[in-house]
Amino acid sequence: MAETVSQPSSRTRPAIGLALGGGVARGWAHIGAVQRLSELGVRPDVVCGTSVGALVGGFWLAGRLPELEAWARSLTRRRMLAYFDLLLNGSALMGGKRLRRAMREYLGDLAVEDLPAKFAAITAELTTGHETWLTEGPLADVIEASYALPGVFPPRIMDGRWLIDGALVNPLPVSACRALGARLVIAVGLHADAFTRASLHRREKYETNGENGPAGLADAPGGRVASRAVLRRLFGAGGPAPGLGSVMLASFNIVMDRITRSRLAGDPPDVLLAPAVGHVGLLEFDRAGELIALGRRAVDEQADAISSALEMLA
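Residues numbered from 1 in each chain as written. Predicted model: local features only at pLDDT ≥ 70, side-chain atom pairs only at ≥ 80, totals over all residues. Heavy atoms only, no water.

## Overview of the packing of aromatic side chains
Enumeration over the complete set of coordinates arrives at 4 aromatic pairs. Seen from their ring centres, W28 and W71 are 6.1 Å apart, and the 80 degrees between their planes marks the pair as edge-to-face. A residue pair is termed long-range when its members are at least 10 positions apart, and W28 in helix α1 (residues 28-39) and W71 in helix α3 (residues 65-74) qualify at 43 residues. Of the two residues, W28 and W71, both sit in the buried class. Ring centres of W28 and F285 lie 6.0 Å apart, and the angle between their planes is 70 degrees; on these two criteria the pair is classed as edge-to-face. On the criterion of sequence distance, the pair formed by W28 in helix α1 and F285 in the loop between β8 (271-273) and α11 (288-301) is long-range, its members being 257 residues apart. F285 carries the same exposure label as W28, and that label is buried. One aromatic cluster is present, built from ring pairs that chain together W28, W71 and F285. (Phe/Tyr/Trp six-rings, centres within 6.5 Å; stacked < 30°, edge-to-face > 60°. Helix = DSSP H or I, 4+ residues; strand = E, 2+ residues; numbered from the N terminus. Buried < 20%, exposed > 50% of the residue type's maximum accessible area, 1.4 Å probe, protein only.)

Shown next as structure tokens:
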């Protein structure tokens, strides 16, 4: 029988918020985290997600988390190549159409307004740099805008604005949860150990096995030969230096880490869950099983803190 935490009645208690941070492939840890929170009886009234956090949070509120988990666990290096619709021109490396089709198979025409709790997907406006919260509209479109990582996916136009990945402005949206009415905020951050000893293994792969890239995509068996060749050039070592793709992802990792530290210093969550995912590369989507387990473990490690925080709301 699952352990439960003390939570006041939803009719009397102040609102609880859940902030799910960005982290590309490491975001599969969110699946395990929200599953474990549900088992402990934590029912957030507000869910705010950035990038992959918006993906997992949206699927969770839509009741489609089992489908997302099954899809994530099914990803192999070979299958991942099927979603890499590489572009040789345009505003990004990938068009994102194959991922969009896969997402719509599960979400259909569901709108944010149909979800059982308040939901916001965090994005950034390309032309102004403004942080933009998407709280209405087709859920699939809103999620896609939030994970539109510059250089990887093209920006998404909504209401006449070009929107990109929200991790560039608010990688862990605690502030959005509070603004939408949350009195207590639980946050799941994915960068606590991004630049500690836990990341040494990842660095060694960049330096000694650069041809395979941070996710090992280029050596995937089968798939499209052209895609593998392009990925090898993007993520392979360019002489003594990392490839273009590796530099882009490492730079994005730095930006998310530094902005997260700055934002949390001014507005920390009441409970911070920090799955130990720093050793996983940003494109290693084929490690879902491991990451989901790490997300569940992070919740268990903070179960007492969660319970204590909820008791304060009674």
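## Regarding the packing of helix α5 (residues 97-107) against helix α6 (residues 139-146)
For the pair α5 and α6, the least separation of the axes is 10 Å and the interaxial angle reads 140 degrees. The handedness of the crossing between α5 and α6 is right-handed. Contact residues: R100, M103, R104 and L107 in α5; L139, A140, D141, I143 and E144 in α6. Split into classes, the residues belonging to the contact of α5 with α6 amount to 5 nonpolar, no polar and 4 charged. (Axes fitted to C-alpha atoms, helices over the stretch in contact; angles between N-to-C directions. Left-handed = near helix turned anticlockwise from the far one by under 90°. Contact = heavy atoms within 4.5 Å. Nonpolar A, V, L, I, M, F, W, Y, C, P; charged D, E, K, R; others polar.)

## Digging into the nonpolar core
Ranked by size, the top nonpolar core spans 75 residues in total, and within it L18, W28, L68, F119 and I306 carry the most contacts. Considering each element in turn, this core owes the most residues, 7 residues, to helix α2 (residues 52-61). Not counting the four nearest positions on each side in its chain, L18 is found in contact with V34, L37, P44, V46, V47, C48, W60, C177, I186 and V188. Counting residues in each nonpolar core, the second largest holds 14 residues, with A120, A176, L180 and A182 among its members. (Core = buried A, V, L, I, M, F, W, Y, C linked by side-chain atoms within 4.5 Å.)

## Concerning the environment of D286
With respect to the secondary-structure elements, D286 resides in the loop between β8 and α11. Taking the C-alpha atoms as reference points, D286 and T76, separated by 210 residues in sequence, lie 5.0 Å from one another. In this structure D286 touches L75, T76, R77 and M80, once residues within four positions along its chain are discounted.

## Quick look at α2
Because the α-helix completes a turn every 3.6 residues, residues three or four places apart line up on one side. For α2, a buried count of 10 out of 10 residues is recorded, marking the element as mostly surrounded by other parts of the structure. Buried within α2 are the following residues: V52, G53, A54, L55, V56, G57, G58, F59, W60 and L61. Where α2 terminates, the next one or two residues include G63, which has phi positive at roughly 75 degrees.

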